[in-house]
Every structure is written in structure tokens, then in C-alpha cells.
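Letter by letter, the chains look like this.
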Amino acid sequence: MADENKRDYYEVLGVDKGASPDQIKKAYRKLAKKYHPDMNPGDEEAANKFKEANEAYEVLSDADKKAKYDQFGFAGVDPNFGAGGGFGGGFGGFDFGDIFSSVFGGGFGGGFGGGFGGGNDPRAPMQGPNLREVLQLTFEEAAFGCEKDIPIERIEQCKECKGTGSADQKQDTCPDCHGSGTVTAQQRTPFGVMSTQKECPRCNGRGYLIKTPCKVCNGQGLVRRRKTISVTVPAGINVGQAINMHGQGHAGKNGGPSGDLIVKIAIKPHKQFTRDGFDVQYTHPISFVEAALGGELEIPTIDGKVKYTLPAGTQVGTTFRLRGKGIPRLQQSGRGDQYVTVSIEVPKNLNAEAKEALRAFDAAVKGKPHKHGLFDKGKKK
């Protein structure tokens, strides 16, 4: 199975999905020059990045591989899924032979692993690969949980032929490989006769032959379908975490179970709040008068506004806590807290009267007489 931590090839090269071949080549050459082992002797990280760039360029510089990667991701091009033929025909102009063989293994001569099937039996049950999607949530949806519908496109078993690929649901054992999917080839060499195993050319490694292919799936036994899946998002989930939906991935082969649908969570930034684990951070603006004299504030929270009594003499940058007003703890009881940091809003457009009042205030605080201005008016001489 492909590496779970493998980076998107476009991300590796730093180009958009719609980048031209010249842009892709230019980006690759820049990275290759930067991370080439000759330029970074003994640097393991640079060597890995050089290898990563080479792998990305190998796929994105090839129009056929790029098309498969754009539609199917790593499952369409990753050699760890196997390679070679196995299916013929197509679906909507797409070659299922390349895609299904890369998803389910080289041809049908090998087992898929995962505890299913036995050795080289091409008819052994094979578990389908996982399907990965990204679900974007609002700050509140992630905090309190929700139900979301997401559209997916996956490989499913053909209902018409029940996954056999045959119109009459019959599969005849291949007489050449006797159902193994492989044949022995002998070749004379200076060292004697050498025997090698290769894919059976008659059945393309399936181990069986179909006399009348199913017209719905063109003899594949599998079809690609679009579907809407309802996802239950638990309260308290955070960015980067994933929801595993068992059996909602691509269909298996030969009666094998389907893979899983893995939904990775992304969260839209909030205009007011930021998140720190299960705590919420918020900056609340106050006036100079409120900071000096104190007062009752209305503080926004993810539950709505709450009242808070601000003490007199509050300094800029002071942080206070609203207990239990944070994010519900994922699969636990209780909630985090909300931390509120105060900032003083300095007025920009003061009229003459306001400016004079501030000067008088400043003089009073410093113990100096204020001779001219607003507060001198009306005094008896």
C-alpha cells in the first residue's frame, strides 16, 4: 500500500494542478539543482527531497501518468500497488486495465495481501484500497459536531454480473495456466536452461476466461460510480484528524471486502476565535476608560455572548479565563476554556473637546495644574 505520508506531487514541485509541461520542468530543475546529492554531500534530508522531486517529475512529466494521477491519485501510478495489464476495455474512455491492475496488484497472478487469499491464487479474495477525501468544516461545526454529506467517486462491484465480469456469471478455468494466472517459460542460456514465471498471456493473469463479457462493466466486474456519503462529525474534532468509515472505500475483488473511506478534516479560519487544543483564544478590544474604571463587558463565545465584569485598572495584554466555554473534548466529557486577552482601542479621530479632556486628565494624574482648556471654563476668578 502507498505511503500514508506521501506528499501530493504538485505540492512537491510547488506548482498548480493546471501547470504547463514547461512550468513543471522548470520547477523540477530548480529543486533538482538545489537538492542534488553532489551539492549536498552527506545531507540525508536533501537526498530524500531530491528523490521526492524525481518521483513527482516522473509522473507529472508523463501525460498518461499525469492523467491517471489527476483522476485516481497515488492508486493510479504508485508501483507499490502493482503494475501491468489484467483488465481490458474501458469506462467512459478510461482504461480499466491500467487502473484496476495498479489498484489491485499486477495483473491477477498475485494475492493482494491483507490476510485475504492465498499466495498466488488469482481468484483469492482481495480487499479494496482505501479512498481518501478532505472535508472542510466551519469552526463551530468542528467544535460541536455535525452531519455532512460529501460526494465521492469510487470503484464498486458491478450489480449486473455480481462482480464476475461475465454475462452468465460463469468463469471458466484457463486451460493454459490451470487457474494459477502464471505460466512457466524456459530459455536456453550459456549456463543451461533457465525457467521463469510470467503472466499467462491467454487469461492476462486472471486464471479464468469469460466467454460472454458483461455489457455493463465490459467484463471487468467493477464499475466507477458517484455517490453521496453522509459523515457523522464528532464534537471536538480538530484539523488534520481523520474519520475512518469502514467499508466505504473501493470495492474488493473476488468477494473481498471493500476498503475504508478516510475523511481528513480541514477547518476554515474564524474571524474572531483561534483554537489551542480544546481551548479557545480571543482578543477583546476595550476603551481606555473601561481599562481605567472597569465595567461590564459582553464577550463573544462559541455559545453566544456572556457578561464579564472587568476590574478597574486592567492593563493591556491582561488575559482572563471563561471556564467551560471552550471546545467540547473529543469523545470525552467536559469542555476546554476560553481565554480572553484585552487590548485597548486608541481613538483616532478626537475632537477638540475630547483632546482637552484628555490633557486635563493627564495633568490630574501627574499632579500638575491644568491652566487652559475645558475644565477652566465657568470657574470664578
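For the structure, check the block above.
Definitions and limits used
- Residues numbered from 1 in each chain as written.
- Predicted model: local features only at pLDDT ≥ 70, side-chain atom pairs only at ≥ 80, totals over all residues.
- Heavy atoms only, no water.
- Pairing = 2+ DSSP bridges.
- Helix = DSSP H or I, 4+ residues; strand = E, 2+ residues; numbered from the N terminus.
- Axes fitted to C-alpha atoms, helices over the stretch in contact; angles between N-to-C directions.
- Patch = residues over 30% accessible without salt bridge, like charges linked within 9 Å, V, L, I, M, F, W, Y side chains within 5 Å.
- Areas by Shrake-Rupley, 256 points an atom, 1.4 Å probe, with all protein chains shown as cover.
- Salt bridge = Lys/Arg side-chain N within 4 Å of Asp/Glu carboxyl O.

Caption draft 1: Spatial organisation of the sheet that holds strand β3 (residues 131–137). Strand order in this open sheet of three strands is β3-β11-β10, and the pairing throughout is mixed. The two strands at the open ends of the sheet, each matched to only one other strand, are β3 and β10 (242–245). Mean inter-strand twist for the sheet, computed between neighbouring axes without regard to direction, equals 25°. By the bridge criterion, four bridges tie β10 to strand β11 (residues 261–267) in an arrangement that is antiparallel.

Caption draft 2: Fine view of the sheet that holds strand β17 (residues 338–344). Read across the open sheet, the four strands follow the order β12-β13-β17-β16; overall the sheet is mixed. Pairing within the sheet leaves two strands with one partner each, and these edge strands are β12 (274–276) and β16 (319–322). Averaged over all pairs of adjacent strands, the angle between strand axes in this sheet comes to 35°, irrespective of strand direction. The sheet contact formed by β12 and strand β13 (residues 279–286) spans three bridges and is antiparallel. Looking at β13, one finds that T274 is bridged to Q281.

Caption draft 3: Up close: a nonpolar patch on the surface. A cluster of nonpolar side chains, contributed by F288, V289, L293, L358, F361 and V365, occupies part of the molecular surface with about 590 Å² of accessible area. Within the residue set of the nonpolar patch, elements represented by two or more residues are α7 (288–293) and α8 (352–366). You can see F288 is positioned in helix α7.

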